[in-house]
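Structural description and commentary
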Amino acid sequence: MYKIVPTLSLSFCFLASPVLAIEQGSLETCRRIQAKIDYYTDLKRQGGSTSQVNSWHRKRNEYKKQFSYYNCKVYRGRLK
């Protein structure tokens, strides 16, 4: 009985912990996302009004989140 209780409580801890659902994107999807990140990075470097640069920064961050969500780092070497 004593051996079962710690095992059960440990399994409940794993069930209660949040799990992130990460999808694996295709190479083509990751290339499109990386192209958008590069596009907004270039726009930011060229400069503009404060509101434009902030807008481009937000868009770039959205694409970076997609890059992470689709686990595109596995294609890192092939995206350059």
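Higher on the page you've got the structure.
The structure reproduced in this document is the subject of the present report. As the structure is a prediction and not an experimental result, all values here were calculated from the model.

1. Structural notes on unusual backbone geometry
A positive phi angle, close to 55°, is found at Asn 71, a residue other than glycine. Here Asn 71 shows up in the segment after α3 (50–69). For Asn 71, a relative accessible area of 22% corresponds to the partly exposed category.

2. What to know about helix α2 (residues 27–46)
Owing to its 3.6 residues per turn, the α-helix brings residues three or four apart onto one side. Taking 1.5 Å per residue as the helical rise, α2 with its 20 residues ought to reach 28 Å, and the 29 Å between its terminal C-alpha atoms agrees with that figure. For α2, the secondary structure elements touched by its buried residues are α3. After α2 finishes, the residue Gly 47 shows a positive phi value of roughly 90°.

3. With respect to the state of the cysteines
Counted according to the given criterion, the structure contains one disulfide. Through a disulfide, Cys 30 is tied to Cys 72; the S-S separation comes to 2.1 Å. The chirality of the disulfide connecting Cys 30 with Cys 72 is left-handed, given an S-S dihedral of about -80°. With Cys 30 in helix α2 and Cys 72 in the segment after α3, this residue pair connects regions lying 42 residues apart in the sequence. Like Cys 72, Cys 30 is buried.

Cut-offs used in this document
Residue indices begin from 1 for each chain and proceed along its sequence in written order. For a predicted model such as this one, the threshold for reporting local features is a pLDDT of at least 70, and the threshold for listing and counting side-chain atom pairs is 80 or more; totals across whole chains, interfaces and linings nevertheless cover every residue. The basis for every side-chain value is the complete set of non-hydrogen atoms in the structure, without hydrogens or water. In this description a helix means any DSSP run of H or I spanning at least four residues, a strand means any run of E spanning at least two, and both kinds are numbered starting from the N terminus. Between buried and exposed lies partly exposed: a residue is buried under 20% and exposed over 50% of the maximum accessible area for its type, with that area taken using a 1.4 Å probe on protein chains only. In this analysis, the expected span of each helix is defined as 1.5 Å times one less than the number of residues it contains. Only heavy atoms enter the contact rule, under which two residues are in contact if any of them lie within 4.5 Å. Note that a disulfide, as used here, is simply two cysteine sulfur atoms within 2.5 Å.

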